[in-house]
Amino acid sequence: MADINTDVLIIGTGPAGSASAALLSSYGVANMAVNRYRWLANTPRAHITNQRTMEVLRDLGQDVEDEAYMFATHQDLMGENIFCESLAGEEIGRMKAWGNHPLSRAEHQMSSPTKMNDLPQTFMEPLLFKTACQRGTQARMSTEYLRHEQDSEGVTTTCLDRLTGKEVTIRSRYLIGADGGKSLVAEHAGLTFEGKMGVGGSMNILFRADLSKYVAHRPSVLYWVMQPGADVGGIGMGLVRMVRPWNEWLIVWGYDINGPEPEVTPEFATGVARQLIGDPELEIELLSANVWTVNNYYATKTANGRVFCMGDAIHRHPPSNGLGSNTSIQDAFNLAWKLAMVLKGQAGERLLETYDAERAPVAKQIVTRANQSIAETGPIFKALGMAEGVDPVQMQKNLQARTEGSAEAEAQRAAIRKAISFKKYEFDAHGVEMNQRYRSGAVVTDGQIEPAFQMDADLHYQPTTWPGARLPHAWLYRHDTGAQVSTLDLCGRGHFSVLTGLGGEAWAEAASRAAADLGISIAVHIIGPRQTYVDHSGEWARLSEIHDNGCLLVRPDHHICWRATELSTDPAADLGRVLRTVLAR
Ligand code: FDA
């Protein structure tokens, strides 16, 4: 007999675990989240919060979304991505980042009702965790996962209560391993991985110091410092990262993974801070310092039976592109509704297999992207004549060379500009963040051909209603109040949704019948003049890729699972067939 029973046990209360708990509780599923420590993240590791993640928070409710913006640094203060000799020293170049270039800003605004922002993990985790606990999650801190065993009915997990030193067993129908980059759950579940751990060494130095005089006139999240040694280990360059504008900072500095691990003493940390900021007298209030490794490692199998892993447990990569916690939260959004529907008897267990089919390719994609971004820093060093091992005197000469009037200097300046501008693949890769299209048993294309990307798929989001893609965002207007509502707001919140237009009333009737037959709830929206939601701007007509009498069936995670471009001969039969397929019934 287990000591405790629950439906879903979640190991870890990081972004992945807390998001899973918040979503499951919002869907009315009993769940318990455990963390080996007594509290949440104690350093602000993740911070770049992309639009897709904000859509998950928006789905959790306006209170959650509003609180995120309240604590976040606004997108407007994120954008002057600076490359410099040191903060006090010469600026080498800059690029607008994170949707702050006017063209990119337009794409961001057109793609989502949400805004990218900078929300340190020390704010994101408590927000998700509080939401989870308020809505029903049983949280158990100072509880360390030790092992699990699964059988045909459920999973028995043994944890150590670190307060009493006693073991406690928890019986659950399903187990989520959201226990980070050293995941024991993934190891015990026998997940398979590709890639390599420990391809570079890095350290974080967290400190307080008012650096306004160096940065307030060029507001940014990231200040990249090109100094000798800056391309060793680490994430490509020395980094001074804003945590709170402009008095809390995190320095990321690499070390050679093949050498001994450096001891980051207060003296050493202060020295690195002074060197990167370029102020030998600078006094810092050191908050913490630690070393970590750069990984290039992803799971090729993310689940085994009743055990599902997510977050860093299945994708381990450097922070480049800011994808870690974002992808972790999005993993949770993919799995939570599936678990909820299976546990409520609304879907067959095979639905859960689609988690691996849909998220394993994402794990590979983002790990590859983040590591490639490190490599793409090389051309900046090369253009500056700063290959590894360059001494400070030579570096000054190389920096000086670019200020001359010669043809060589002009070519060098052009090479620097080109190399910096190429970094948009790390700092403004909207497509990487938004273009995820799923292929699995929970998507029915009925042979419709996937649209090819018209622009670079890493840089630009391309909306489509092709089944598998995320529902495009368009602003609609309430007929009664005129209030602006996103198409995404009509969907999600744990329910399937049907979107149609005038002439598509038969889809609405068919959806009601299918919902009754299958014992699920389906939100139905007929969009058009004098309906509840009106497409005054014509944006939805442009993006929907269906006739007014067509139909989009949208999953609870905003991904489209089926599309009829016009009214079919038997809408009830079609919706019933598709829902049975998607729900594995
Ligand atoms: P995470 O590691 O956060 O959480 C694991 C949880 O499991 C913790 O609660 C831990 O205590 C618990 N746990 C572990 N073992 C356990 C056990 N045996 N028993 C019980 N509990 C256990 N990402 C991003 O999206 N944007 C960004 O800008 C950045 N920037 C960034 C900068 C730096 C310097 C770093 C180092 C990392 C980032 N990241 C990032 C990455 C991000 O921090 C990371 O991807 C997420 O924290 C992963 O979240 P998880 O919830 O998967 O694991």
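On a predicted model such as this, the values are computed, not experimentally measured, just so you know. (Residues numbered from 1 in each chain as written. Predicted model: local features only at pLDDT ≥ 70, side-chain atom pairs only at ≥ 80, totals over all residues. Heavy atoms only, no water.)

Q: Looking at this structure, how should I read the site of the ligand?
A: Lining the immediate surroundings of the ligand are 31 residues, of which Ala16, Asn35, Tyr145, Asp312 and Ser325 lie closest. In the model, an oxygen atom of the ligand is placed 3.2 Å from a nitrogen or oxygen of the proline 15 main chain. Measuring from a nitrogen atom of the ligand, one finds a backbone N or O atom of tyrosine 145 at 2.8 Å. Here the ligand has 1,000 Å² of accessible area as a free molecule, and 92% of this is covered by the chains. Contributing elements (two or more residues each) for the shell around the ligand: α1 (15-26), β8 (143-150) and α9 (324-343). The leading source of residues in the shell around the ligand is α9, at four residues. In the shell around the ligand, the residues fall into 11 nonpolar, 15 polar and five charged. (Near = heavy atom within 4 Å. Polar contact = N/O pair within 3.5 Å; in protein donor to acceptor, adjacent residues only side chain to side chain. Areas by Shrake-Rupley, 256 points an atom, 1.4 Å probe, with all protein chains shown as cover. Helix = DSSP H or I, 4+ residues; strand = E, 2+ residues; numbered from the N terminus. Nonpolar A, V, L, I, M, F, W, Y, C, P; charged D, E, K, R; others polar.)

Q: I would appreciate a short explanation of the UniProt feature "domain: FAD-binding" (unreviewed entry) in the protein in the present structure.
A: When the UniProt feature table is mapped onto this chain, "domain: FAD-binding" (unreviewed entry) is found at residues 6-370. With 32% helix and 31% strand, the stretch residues 6-370 has end C-alpha atoms that lie 36 Å from each other. (UniProt positions renumbered as here; feature names shortened; annotations may be inferred.)

Q: I'm lost on the environment of proline 15 in this one. Help?
A: You can see proline 15 is positioned in helix α1. When the C-alpha positions of proline 15 and glycine 311 are compared, they lie 7.7 Å apart, and in sequence the two are 296 residues distant. In this view, proline 15 contacts Gln121, Glu125, Leu128, Ser325, Ser328 and Ile329; residues no more than four positions away in its chain are not counted. (Contact = heavy atoms within 4.5 Å.)

Q: Explanation requested: the domain arrangement of the protein in the structure shown.
A: Under the domain assignment, the protein is made up of domain 1 (4-72 + 119-192 + 300-361), domain 2 (378-422) and domain 3 (435-582). A C-alpha centroid distance of 28 Å is found between domain 1 and domain 3. Contact residues are listed per partner, giving 17 residues for domain 1 and 24 residues for domain 3. For the pair domain 1 and domain 3, the summed buried surface comes to about 1,700 Å²; carbon and sulfur atoms form 50% of the total. Of all residues in domain 1, Arg58, Trp337 and Glu358 give up the largest surface area on contact with domain 3, accounting jointly for 32% of the area buried on that side. Between domain 1 and domain 3 we count three salt bridges in total. Across the salt bridge formed by arginine 58 and aspartate 489, the nearest N and O atoms sit 2.8 Å from each other. (Domains from an automatic or database assignment. Buried area = accessible area lost by both parts, 1.4 Å probe. Salt bridge = Lys/Arg side-chain N within 4 Å of Asp/Glu carboxyl O.)

Q: Could you clarify how one ought to interpret the pattern of salt bridges in this entry?
A: Side chains that carry opposite charge are capable of pairing whenever their charged atoms lie near each other. Throughout the structure, instances matching the rule amount to 34 salt bridges. The salt bridge involving arginine 52 is made with glutamate 55; its shortest N-O contact spans 2.6 Å. A residue pair is termed a helical-turn pair when its members lie 3 or 4 positions apart in one helix, as arginine 52 and glutamate 55 do in helix α2 (residues 51-60) at three residues. Across the pair glutamate 167 and arginine 147 runs a salt bridge whose closest N-O atoms are separated by 3.0 Å. Within this pair, whereas glutamate 167 is found in strand β10 (residues 166-177), its partner arginine 147 is found in strand β8, the two being separated by 20 residues in sequence. We classify glutamate 167 as partly exposed; its relative accessible area is 48%. Beyond isolated ion pairs, a larger network of salt bridges with shared partners links Glu80, Glu91, Arg94, Lys96 and Arg218. (Buried < 20%, exposed > 50% of the residue type's maximum accessible area, 1.4 Å probe, protein only.)

Q: Just checking my understanding: could you explain the side chain of arginine 563 for this structure?
A: Mapped onto the fold, arginine 563 is located in strand β25 (residues 560-564). Classification of arginine 563 by relative accessible area gives buried; the value is 10%. Within the structure, arginine 563 has its side chain in polar contact with the side chain of glutamine 448 (distance 2.7 Å). Within the local environment of arginine 563, its side chain forms a polar contact with the side chain of threonine 465, the two groups lying 2.8 Å apart. Apart from the residues within four sequence positions on either side, arginine 563 is in contact with Gln448, Thr464, Thr465, Trp466, Pro467, Glu545, Ile546, Cys551 and Leu552.

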